[in-house]
Amino acid sequence: MRKVIQQLGIYKKDTYRCIGLTALEVIMEILMPFITAIIIDQGLEAKDLGVVYRFGGMMVVMAFLSLTFGGLAGKDAASAASGLAANLREAIYANIQTFSFSNIDHFSTPSLITRATTDVNTVRTTMHQIIRSLTRSPIMLVLATVMAFTISPHLALFFVGALPVLAVTLAIMMHIGQPRFRKMLIKMDDMNRAVQENLVNSRVVKAFVRGDYEAERFTGTAEELRHAQLSSSRLFTLTGPIQMGIMWTCTILLLLFGGR
(Lines give C-alpha, C1' and ligand atoms only; values in the text may rest on other atoms or scores of the structure.)
Protein backbone atom coordinates (compact mmCIF):
# COMPACT_ATOMS: atom_id res chain seq x y z
CA MET A 1 0.00 0.00 0.00
CA ARG A 2 2.92 2.33 0.73
CA LYS A 3 4.27 1.81 -2.79
CA VAL A 4 0.86 2.55 -4.26
CA ILE A 5 0.62 5.81 -2.31
CA GLN A 6 4.11 6.76 -3.49
CA GLN A 7 2.85 6.53 -7.07
CA LEU A 8 0.41 9.39 -6.43
CA GLY A 9 3.15 11.91 -7.15
CA ILE A 10 1.71 15.33 -7.95
CA TYR A 11 -1.81 14.04 -7.24
CA LYS A 12 -1.27 13.93 -3.48
CA LYS A 13 -2.67 17.47 -3.24
CA ASP A 14 -5.92 16.32 -4.88
CA THR A 15 -6.13 13.46 -2.39
CA TYR A 16 -5.67 15.65 0.69
CA ARG A 17 -8.06 18.29 -0.70
CA CYS A 18 -10.69 15.58 -1.31
CA ILE A 19 -10.40 14.36 2.28
CA GLY A 20 -10.78 17.91 3.64
CA LEU A 21 -13.79 18.71 1.44
CA THR A 22 -15.42 15.40 2.36
CA ALA A 23 -15.06 16.25 6.05
CA LEU A 24 -16.72 19.65 5.47
CA GLU A 25 -19.54 17.96 3.53
CA VAL A 26 -20.18 15.55 6.40
CA ILE A 27 -20.15 18.35 8.97
CA MET A 28 -22.83 20.22 7.01
CA GLU A 29 -24.99 17.09 6.87
CA ILE A 30 -24.54 16.29 10.56
CA LEU A 31 -25.63 19.78 11.63
CA MET A 32 -28.92 19.56 9.69
CA PRO A 33 -30.87 17.63 12.39
CA PHE A 34 -29.88 20.19 15.03
CA ILE A 35 -31.11 23.05 12.88
CA THR A 36 -34.34 21.12 12.30
CA ALA A 37 -34.75 20.62 16.04
CA ILE A 38 -34.30 24.36 16.64
CA ILE A 39 -36.92 25.18 14.02
CA ILE A 40 -39.40 22.76 15.60
CA ASP A 41 -38.73 23.63 19.25
CA GLN A 42 -38.15 27.38 19.06
CA GLY A 43 -40.04 28.21 15.89
CA LEU A 44 -43.08 26.04 15.22
CA GLU A 45 -44.00 25.19 18.82
CA ALA A 46 -43.41 28.79 19.95
CA LYS A 47 -45.18 30.08 16.79
CA ASP A 48 -42.20 32.31 16.03
CA LEU A 49 -41.97 32.63 12.25
CA GLY A 50 -38.80 34.71 12.52
CA VAL A 51 -36.93 31.72 13.91
CA VAL A 52 -38.37 29.48 11.19
CA TYR A 53 -37.30 31.83 8.39
CA ARG A 54 -33.88 32.53 9.88
CA PHE A 55 -32.87 28.94 10.55
CA GLY A 56 -34.68 27.72 7.45
CA GLY A 57 -32.50 30.01 5.36
CA MET A 58 -29.48 28.72 7.25
CA MET A 59 -30.46 25.15 6.30
CA VAL A 60 -30.73 26.12 2.63
CA VAL A 61 -27.24 27.68 2.73
CA MET A 62 -25.84 24.61 4.49
CA ALA A 63 -27.45 22.31 1.91
CA PHE A 64 -25.84 24.25 -0.95
CA LEU A 65 -22.50 24.22 0.86
CA SER A 66 -22.75 20.46 1.37
CA LEU A 67 -23.59 20.01 -2.32
CA THR A 68 -20.65 22.20 -3.34
CA PHE A 69 -18.19 20.45 -1.03
CA GLY A 70 -19.40 17.05 -2.26
CA GLY A 71 -19.06 18.00 -5.91
CA LEU A 72 -15.55 19.39 -5.46
CA ALA A 73 -14.54 16.34 -3.42
CA GLY A 74 -15.80 14.04 -6.17
CA LYS A 75 -13.81 16.00 -8.77
CA ASP A 76 -10.61 15.78 -6.73
CA ALA A 77 -11.20 12.07 -6.02
CA ALA A 78 -11.57 11.33 -9.74
CA SER A 79 -8.44 13.34 -10.53
CA ALA A 80 -6.36 11.61 -7.84
CA ALA A 81 -7.56 8.10 -8.78
CA SER A 82 -7.02 8.63 -12.52
CA GLY A 83 -3.59 10.15 -11.89
CA LEU A 84 -2.62 7.20 -9.73
CA ALA A 85 -3.71 4.79 -12.49
CA ALA A 86 -1.66 6.68 -15.09
CA ASN A 87 1.45 6.67 -12.88
CA LEU A 88 1.01 2.98 -12.09
CA ARG A 89 0.80 2.06 -15.78
CA GLU A 90 3.99 3.99 -16.49
CA ALA A 91 5.75 2.33 -13.54
CA ILE A 92 4.61 -1.15 -14.61
CA TYR A 93 5.76 -0.58 -18.18
CA ALA A 94 9.14 0.74 -17.02
CA ASN A 95 9.56 -2.22 -14.67
CA ILE A 96 8.71 -4.75 -17.39
CA GLN A 97 11.57 -3.34 -19.50
CA THR A 98 14.03 -4.35 -16.74
CA PHE A 99 12.86 -8.00 -16.62
CA SER A 100 15.44 -10.74 -17.02
CA PHE A 101 14.81 -13.77 -19.22
CA SER A 102 13.74 -15.79 -16.18
CA ASN A 103 11.16 -13.10 -15.29
CA ILE A 104 9.87 -13.10 -18.85
CA ASP A 105 9.47 -16.88 -18.74
CA HIS A 106 7.70 -16.68 -15.37
CA PHE A 107 5.20 -13.93 -16.26
CA SER A 108 3.17 -14.65 -19.37
CA THR A 109 2.25 -11.82 -21.74
CA PRO A 110 -1.52 -12.16 -21.07
CA SER A 111 -0.83 -11.96 -17.33
CA LEU A 112 1.21 -8.77 -17.78
CA ILE A 113 -1.56 -7.29 -19.93
CA THR A 114 -4.05 -8.04 -17.15
CA ARG A 115 -1.76 -6.44 -14.55
CA ALA A 116 -1.41 -3.25 -16.61
CA THR A 117 -5.09 -2.94 -17.53
CA THR A 118 -7.65 -4.74 -15.37
CA ASP A 119 -5.62 -4.65 -12.14
CA VAL A 120 -4.70 -0.99 -12.57
CA ASN A 121 -8.37 -0.14 -13.17
CA THR A 122 -9.25 -2.08 -10.00
CA VAL A 123 -6.66 -0.08 -8.05
CA ARG A 124 -8.06 3.14 -9.53
CA THR A 125 -11.61 2.24 -8.47
CA THR A 126 -10.41 1.19 -5.01
CA MET A 127 -8.46 4.42 -4.59
CA HIS A 128 -11.55 6.44 -5.56
CA GLN A 129 -13.64 4.57 -2.97
CA ILE A 130 -10.98 4.94 -0.28
CA ILE A 131 -10.65 8.72 -0.54
CA ARG A 132 -14.42 9.17 -0.88
CA SER A 133 -16.42 6.44 0.86
CA LEU A 134 -13.82 5.18 3.33
CA THR A 135 -12.94 8.75 4.27
CA ARG A 136 -16.54 9.85 4.54
CA SER A 137 -17.77 6.84 6.54
CA PRO A 138 -15.42 7.11 9.58
CA ILE A 139 -15.99 10.86 9.84
CA MET A 140 -19.73 10.35 9.56
CA LEU A 141 -19.59 7.53 12.10
CA VAL A 142 -17.68 9.52 14.72
CA LEU A 143 -19.67 12.75 14.35
CA ALA A 144 -23.05 11.00 14.10
CA THR A 145 -22.29 8.94 17.21
CA VAL A 146 -21.33 12.06 19.16
CA MET A 147 -24.50 13.83 18.00
CA ALA A 148 -26.68 10.81 18.77
CA PHE A 149 -25.37 10.50 22.33
CA THR A 150 -25.81 14.26 22.76
CA ILE A 151 -29.49 14.03 21.81
CA SER A 152 -30.37 10.73 23.55
CA PRO A 153 -27.76 8.40 25.07
CA HIS A 154 -30.26 5.54 25.47
CA LEU A 155 -31.50 5.57 21.88
CA ALA A 156 -27.94 5.95 20.57
CA LEU A 157 -27.17 2.45 21.85
CA PHE A 158 -29.04 1.07 18.82
CA PHE A 159 -26.30 2.46 16.58
CA VAL A 160 -23.57 1.01 18.78
CA GLY A 161 -25.22 -2.42 18.63
CA ALA A 162 -25.53 -2.29 14.85
CA LEU A 163 -21.83 -1.61 14.23
CA PRO A 164 -20.50 -5.10 15.20
CA VAL A 165 -23.21 -6.73 13.07
CA LEU A 166 -22.22 -4.64 10.07
CA ALA A 167 -18.49 -5.23 10.61
CA VAL A 168 -18.89 -9.01 10.90
CA THR A 169 -21.10 -9.14 7.81
CA LEU A 170 -18.61 -7.20 5.68
CA ALA A 171 -15.70 -9.32 6.97
CA ILE A 172 -17.53 -12.53 5.98
CA MET A 173 -18.29 -11.15 2.52
CA MET A 174 -14.64 -10.17 2.01
CA HIS A 175 -13.52 -13.65 3.08
CA ILE A 176 -15.90 -15.30 0.62
CA GLY A 177 -15.26 -12.83 -2.19
CA GLN A 178 -11.45 -12.93 -2.27
CA PRO A 179 -11.19 -16.42 -3.89
CA ARG A 180 -13.86 -15.44 -6.40
CA PHE A 181 -11.93 -12.36 -7.48
CA ARG A 182 -8.73 -14.40 -7.77
CA LYS A 183 -10.55 -16.90 -10.02
CA MET A 184 -11.92 -14.02 -12.10
CA LEU A 185 -8.40 -12.66 -12.72
CA ILE A 186 -7.18 -16.10 -13.81
CA LYS A 187 -10.04 -16.31 -16.31
CA MET A 188 -9.15 -12.82 -17.50
CA ASP A 189 -5.60 -14.01 -18.19
CA ASP A 190 -6.98 -16.96 -20.16
CA MET A 191 -9.12 -14.72 -22.33
CA ASN A 192 -6.24 -12.32 -23.00
CA ARG A 193 -4.08 -15.29 -23.96
CA ALA A 194 -6.71 -16.49 -26.43
CA VAL A 195 -6.97 -13.01 -27.98
CA GLN A 196 -3.19 -12.66 -28.26
CA GLU A 197 -2.72 -16.10 -29.85
CA ASN A 198 -5.38 -15.46 -32.46
CA LEU A 199 -4.06 -12.01 -33.36
CA VAL A 200 -0.42 -13.08 -33.61
CA ASN A 201 -1.13 -16.34 -35.42
CA SER A 202 -4.07 -15.25 -37.56
CA ARG A 203 -2.32 -16.35 -40.79
CA VAL A 204 -1.64 -19.81 -39.35
CA VAL A 205 -5.27 -20.15 -38.20
CA LYS A 206 -6.51 -19.26 -41.69
CA ALA A 207 -3.97 -21.52 -43.39
CA PHE A 208 -5.10 -24.57 -41.44
CA VAL A 209 -8.80 -23.57 -41.53
CA ARG A 210 -9.03 -23.45 -37.74
CA GLY A 211 -11.21 -20.34 -37.55
CA ASP A 212 -14.32 -22.14 -36.29
CA TYR A 213 -12.33 -24.04 -33.68
CA GLU A 214 -10.59 -20.90 -32.40
CA ALA A 215 -13.89 -18.99 -32.34
CA GLU A 216 -15.49 -21.77 -30.30
CA ARG A 217 -12.49 -21.86 -27.93
CA PHE A 218 -12.64 -18.09 -27.43
CA THR A 219 -16.41 -18.26 -26.80
CA GLY A 220 -15.83 -20.86 -24.09
CA THR A 221 -13.11 -18.73 -22.48
CA ALA A 222 -15.29 -15.61 -22.56
CA GLU A 223 -18.20 -17.58 -21.08
CA GLU A 224 -16.03 -18.83 -18.21
CA LEU A 225 -14.92 -15.24 -17.53
CA ARG A 226 -18.55 -14.09 -17.56
CA HIS A 227 -19.51 -16.69 -14.96
CA ALA A 228 -16.52 -15.74 -12.77
CA GLN A 229 -17.43 -12.04 -12.98
CA LEU A 230 -21.07 -12.73 -12.16
CA SER A 231 -20.08 -14.89 -9.20
CA SER A 232 -18.00 -12.11 -7.66
CA SER A 233 -20.38 -9.28 -8.59
CA ARG A 234 -23.47 -10.98 -7.19
CA LEU A 235 -21.80 -11.34 -3.82
CA PHE A 236 -20.85 -7.68 -3.50
CA THR A 237 -24.19 -6.41 -4.78
CA LEU A 238 -25.50 -7.62 -1.41
CA THR A 239 -23.39 -5.02 0.41
CA GLY A 240 -25.78 -2.15 -0.28
CA PRO A 241 -28.99 -4.00 0.70
CA ILE A 242 -27.37 -5.34 3.88
CA GLN A 243 -26.20 -1.87 4.93
CA MET A 244 -29.59 -0.35 4.12
CA GLY A 245 -31.34 -3.17 5.97
CA ILE A 246 -29.31 -2.56 9.11
CA MET A 247 -29.82 1.21 8.82
CA TRP A 248 -33.60 0.98 8.38
CA THR A 249 -33.85 -1.57 11.21
CA CYS A 250 -32.18 1.00 13.47
CA THR A 251 -34.55 3.67 12.15
CA ILE A 252 -37.61 1.51 12.91
CA LEU A 253 -36.35 0.80 16.43
CA LEU A 254 -35.66 4.50 16.99
CA LEU A 255 -39.16 5.44 15.83
CA LEU A 256 -40.72 2.70 17.95
CA PHE A 257 -38.92 3.44 21.22
CA GLY A 258 -38.41 7.16 20.60
CA GLY A 259 -42.09 7.65 19.77
CA ARG A 260 -43.10 6.04 23.04
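Structure's up top.
Residues numbered from 1 in each chain as written. Predicted model: local features only at pLDDT ≥ 70, side-chain atom pairs only at ≥ 80, totals over all residues. Heavy atoms only, no water.

Okay, the overall build of the chain next. Within the chain, the regular secondary structure consists of 9 helices and 0 strands. Put simply, the chain runs from its N terminus to its C terminus through helices and strands in the order α-α-α-α-α-α-α-α-α. Seen along its three principal axes, the alpha-carbon backbone of the chain occupies a region of about 90 × 40 × 30 Å. For the chain, with 260 residues in total, the buried portion stands at 26%. Put simply, 82% of the contacts in the chain that link residues at least 6 apart link residues at least 24 apart. Total accessible area computed for the chain in this model is approximately 17000 Å², and 68% of it derives from carbon and sulfur atoms. Side-chain charges of the chain comprise 25 positive and 18 negative groups, with the mean position of each set lying 3 Å from the other. (Helix = DSSP H or I, 4+ residues; strand = E, 2+ residues; numbered from the N terminus. Buried < 20%, exposed > 50% of the residue type's maximum accessible area, 1.4 Å probe, protein only. Contact = heavy atoms within 4.5 Å. Areas by Shrake-Rupley, 256 points an atom, 1.4 Å probe, with all protein chains shown as cover. Lys, Arg positive; Asp, Glu negative; His and termini not counted. Charge placed at Lys NZ, Arg CZ, Asp CG, Glu CD.)

What follows is about the nonpolar core. With 22 residues, the main nonpolar core has Met127 and Ile131 as its most contacted residues. Put simply, the parts of the chain that give this core at least two residues each are helix H2 (12-44), helix H3 (49-96) and helix H5 (109-151). When residues in this core are grouped by element, the largest group, 12 residues, is from H3. The next biggest cluster of nonpolar side chains, apart from the first, holds 5 residues, and it includes Met184, Met188, Leu225 and Ala228. (Core = buried A, V, L, I, M, F, W, Y, C linked by side-chain atoms within 4.5 Å.)

Position of Ser82 among the secondary structure elements: in helix H3. For Ser82, a relative accessible area of 38% puts it in the partly exposed group. Sequence separation between Ser82 and Asn121 is 39 residues; the distance between their C-alpha atoms is 8.9 Å. Only 2.9 Å separates the side chain of Ser82 from the backbone oxygen of Ala78, close enough to count as a polar contact. (Polar contact = N/O pair within 3.5 Å; in protein donor to acceptor, adjacent residues only side chain to side chain.)

We now examine the pattern of salt bridges. By the definition in use, this model includes 4 salt bridges. A salt bridge links Glu224 to Lys187, with the shortest nitrogen-to-oxygen separation between them at 3.2 Å. Of this pair, Glu224 sits in helix H8 (residues 211-236) while Lys187 sits in helix H6 (residues 153-200), and the two are 37 residues apart along the sequence. Given the relative accessible area of 41%, Glu224 is considered partly exposed. For Lys187, a relative accessible area of 18% gives the class buried. (Salt bridge = Lys/Arg side-chain N within 4 Å of Asp/Glu carboxyl O.)

Now for the side chain of Thr15. The residue Thr15 is located in helix H2 in this model. With relative accessibility at 6%, the residue Thr15 sits in the buried group.

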